[in-house]
Amino acid sequence: MSIQALFVSKDMLSLKQLVNSTVSQCNEIYVKYIANTKSEMLEILSRHYVDLLILDIRDFDFTLNELIKKINFLIICQTELLIKLVNESYQKVQIEENKIESVCNLLKEIIKNNRIANCNIKNNILLELSNMGYNLKHIGTYYVLEAIMLIYEANSWDKLDNLQKNIYTVIAKNHNKSLNNIKTNIIKATNLKSRKSGMALEYTPKEVITHILTKFL
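Residues numbered from 1 in each chain as written. Predicted model: local features only at pLDDT ≥ 70, side-chain atom pairs only at ≥ 80, totals over all residues. Heavy atoms only, no water.

Peer 1: What's the story with the pairing of strand β3 (residues 52-56) in this structure? I'm lost.
Peer 2: Both faces of the sheet carry side chains from a regular strand, because those side chains alternate between them. Taken across its five residues, β3 has five buried, putting it largely inside the fold. Neither face of β3 is left uncovered, since the one carrying Leu52, Ile54 and Asp56 and the one carrying Leu53 and Leu55 both have all their residues buried. In this structure, strand β1 (residues 3-8) lies alongside β3, joined through four bridges in parallel fashion. When the sheet's bridge partners are listed, leucine 6 is paired in β3 with leucine 53. (Buried < 20%, exposed > 50% of the residue type's maximum accessible area, 1.4 Å probe, protein only. Helix = DSSP H or I, 4+ residues; strand = E, 2+ residues; numbered from the N terminus. Pairing = 2+ DSSP bridges.)

What follows is the structure, given as structure tokens:
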């Protein structure tokens, strides 16, 4: 899973160096947006979803309270980095020598933690699918898992509006399969689930995906 990031700084040279270092050293950090002003940053945040904000707060008149509920973020201060944690607390990391290198090292830690969290979420979703009666030996079950993860990672309920276009085509491309193959296997796995669990009603894949996402998004 790539981590979509917004980089913000008035110092274009420093910003360029940081972005280049991130691209070369942290390939799971996707530089989705770059902003030079506070208004640009707020406009991007109001219209688009990003996982991580990397901001040189020395350039702007922000207070932490303005940012705390907006996003996960990494703030560059004069001599330290300030990272917002999941529990709304903060972790401070001293910048010992090279600011760019310090940021990249921290981004590598974020990538590592993200992988662990992602693995835990996948395991929990598989458990939910198993509890609902899905056969974990059926390939369609794992396509359902992948569909859920794609929506979860994008943090976008809108993708549910057209699963075939927004999700199934991506899964087909990932596995070099036809769209019909993906769709058929997902339907088969879902129908098997209904029969195995003895449910009177048959739920559609969309209903199953929606049900599980409500527990994780």
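Peer 1: I'm lost on the side chain of histidine 138 in this one. Help?
Peer 2: For histidine 138, the position within the fold is in the loop between α4 (99-131) and α5 (139-154). Within the local environment of histidine 138, its side chain forms a polar contact with the backbone nitrogen of glycine 140, the two atoms lying 2.8 Å apart. In contact with histidine 138, not counting residues within four places along its chain, are Asn185, Lys188, Ala189 and Leu192. (Polar contact = N/O pair within 3.5 Å; in protein donor to acceptor, adjacent residues only side chain to side chain. Contact = heavy atoms within 4.5 Å.)

Peer 1: How should the pattern of salt bridges be read in this particular structure?
Peer 2: Opposite charge on two side chains lets them pair, provided their charged atoms get close. Inspection of the entire model under this criterion finds three salt bridges. The partner of arginine 47 in a salt bridge is glutamate 43, with the nearest N and O atoms 2.3 Å apart. Of this pair, arginine 47 and glutamate 43 both sit in helix α2 (residues 38-47), four residues apart, which is roughly one turn of the helix. Residue arginine 47 is classed as exposed on the basis of its relative accessible area, which comes to 61%. Judged by relative accessible area, glutamate 43 falls into the partly exposed class, the value being 39%. With its nearest N and O atoms 3.0 Å apart, the salt bridge here joins lysine 215 to glutamate 128. Of this pair, lysine 215 sits in helix α8 (residues 205-216) while glutamate 128 sits in helix α4, and the two are 87 residues apart along the sequence. (Salt bridge = Lys/Arg side-chain N within 4 Å of Asp/Glu carboxyl O.)

Peer 1: How do you make sense of the nonpolar core when you look at a structure like this?
Peer 2: One finds Ile125, Leu129, Ile148 and Ile209 to be the most contacted residues of the largest nonpolar core, which totals 26 residues. Taken together, the elements giving at least two residues each to this core come down to α4, α5, α6 (163-175), α7 (179-197) and α8. The greatest single-element share of this core, amounting to seven residues, is contributed by α5. Dropping the residues within four chain positions of it, leucine 129 is found in contact with Tyr134, Thr141, Val144, Leu145, Ile148, Val208 and Ile212. Leu18, Cys26, Cys104 and Ile111 belong to the second-largest nonpolar core, a separate cluster that totals 15 residues. (Core = buried A, V, L, I, M, F, W, Y, C linked by side-chain atoms within 4.5 Å.)

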